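Working through the structure, step by step
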Amino acid sequence: GDLMVEEKAVYSIEKFLVARRLMYWQVYLHKTVLCAEKMLVNIISRARDLIHSGQLVTANSGVLDFFLHHSGPVDFSLHLDKFCQLDDYDVMGAIKSWMHHPDKVLSVLCRMLVDRQLLKVKLQAAPFSDQFIADARALAAQQTGLSLEETAYFVFSGEASNTTYDPTEEKINILFKDGSIRDISEVDNALIQHNLSRPVKKHYFCYLNPVSASTLFTTLPY
């Protein structure tokens, strides 16, 4: 059940692994993509929080509306047919509709995502301190008039990680001419070494642009 290639294919496999590493950091985990994804998560989270507090939030899509209003963990084995019907049209349709919602947090988040006015992002190797995040939220609350709890949707931090090759998760065997078999990370003079099995982590901090923060919350909805 493991992947095995001949010795002569080592360099081709290494190129695929290195290309994947570059694609993750330059595309999939690029700070702009990361920020947009987290904003989308916060939009859905805010919508569900409002629903659970008794406020009216509906989606144009029946299947998305089902999952938004579902309380507790979702057993996808029971609702797999509904889940498979979800796509980006359902989500973007709801986001465009929620741009007009009376809840300021939800409407501004949706407007920012649709208009591509994304949050600012900082990346660094070490985690951001709790005090740094608290100060940033206090400043955002002052600029926007939101409560400190509400600013958590606009000012937050997290961690992104990627592993070039983890032999415990994705074993690639190399078959040598003498019939011996070794993991690709154990091949002499190979690019893929055991030290690449450790995940590379980057800590991100997303926050409102101070210049446009107050404007976003005073502009009338569409």
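Keep in mind that what you see is a predicted model, and the values were worked out from it rather than measured. (Residues numbered from 1 in each chain as written. Predicted model: local features only at pLDDT ≥ 70, side-chain atom pairs only at ≥ 80, totals over all residues. Heavy atoms only, no water.)

Time to look at unusual backbone geometry. Although it is not a glycine, R116 sits at a positive phi angle of roughly 60 degrees. Here R116 shows up in the loop between α6 (104-114) and β2 (120-124). Looking at R116, the relative accessible area reads 63%, which means it is exposed. (Helix = DSSP H or I, 4+ residues; strand = E, 2+ residues; numbered from the N terminus. Buried < 20%, exposed > 50% of the residue type's maximum accessible area, 1.4 Å probe, protein only.)

In this section: the pattern of salt bridges. One pass over the full model with this rule turns up five salt bridges. Note that K8 is salt-bridged to E6, the shortest N-O span being 3.7 Å. On the accessibility criterion, E6 (46% relative accessible area) is partly exposed. Between D183 and K171 there is a salt bridge whose closest N-O contact spans 3.5 Å. Of this pair, D183 sits in strand β5 (residues 181-183) while K171 sits in the loop between β3 (156-162) and β4 (172-175), and the two are twelve residues apart along the sequence. For D183, a relative accessible area of 4% translates into the label buried. Overall, the relative accessible area of 36% leaves K171 in the partly exposed class. (Salt bridge = Lys/Arg side-chain N within 4 Å of Asp/Glu carboxyl O.)

When strand β1 (residues 3-6) meets β4, the two strands line up parallel, connected through four bridges. Residue pairing across strands places M4 opposite N173, the latter belonging to β4. As defined by bridge partners, β4 adjoins β5 across three bridges and the pair is classed as antiparallel. The residue of β5 that forms the bridge with L175 is I181. The turn joining β4 and β5, which pair antiparallel and follow one another in sequence, is formed by five residues; a positive phi near 90 degrees is taken by G179. (Pairing = 2+ DSSP bridges.)

Strands sit in the order β1-β4-β5 across an open sheet of three strands; the sheet is mixed. Sheet topology places β1 and β5 at the edges, where each strand pairs with a single neighbour. Here the average twist between neighbouring strands, direction ignored, is 35 degrees. (Axes fitted to C-alpha atoms, helices over the stretch in contact; angles between N-to-C directions.)

We now examine helix α3 (residues 62-69). Count 3.6 residues to each turn of an α-helix, and residues three or four apart come out pointing the same way. Of the residues making up α3, those classed as buried are V63, L64, F67 and L68. End-on view of α3: buried residues confined to an arc of 140 degrees, all on one side of the axis. Turning to α3, the residues buried within the fold contact α2 (31-52), α4 (80-85) and α5 (88-98). (Arc of directions from axis to C-beta. Contact = heavy atoms within 4.5 Å.)

The next subject is the sheet that holds strand β6 (residues 200-207). As summarised here, the arrangement of the three strands in space is β2-β6-β3, forming an open sheet in which the pairing is antiparallel. At either margin of the open sheet sits one strand with a lone partner, and together these are β2 and β3. Between one strand axis and the next, the sheet turns by 25 degrees as a mean value, whatever way the strands run. As defined by bridge partners, β3 adjoins β6 across seven bridges and the pair is classed as antiparallel. In the sheet register, F156 faces β6, and the bridge partner there is C206. Its contacts with the sheet put helix α1 (residues 10-28) on β3 and β6, and the angle it makes with β3 is roughly 165 degrees.

None of this, on its own, says anything about what the molecule does.
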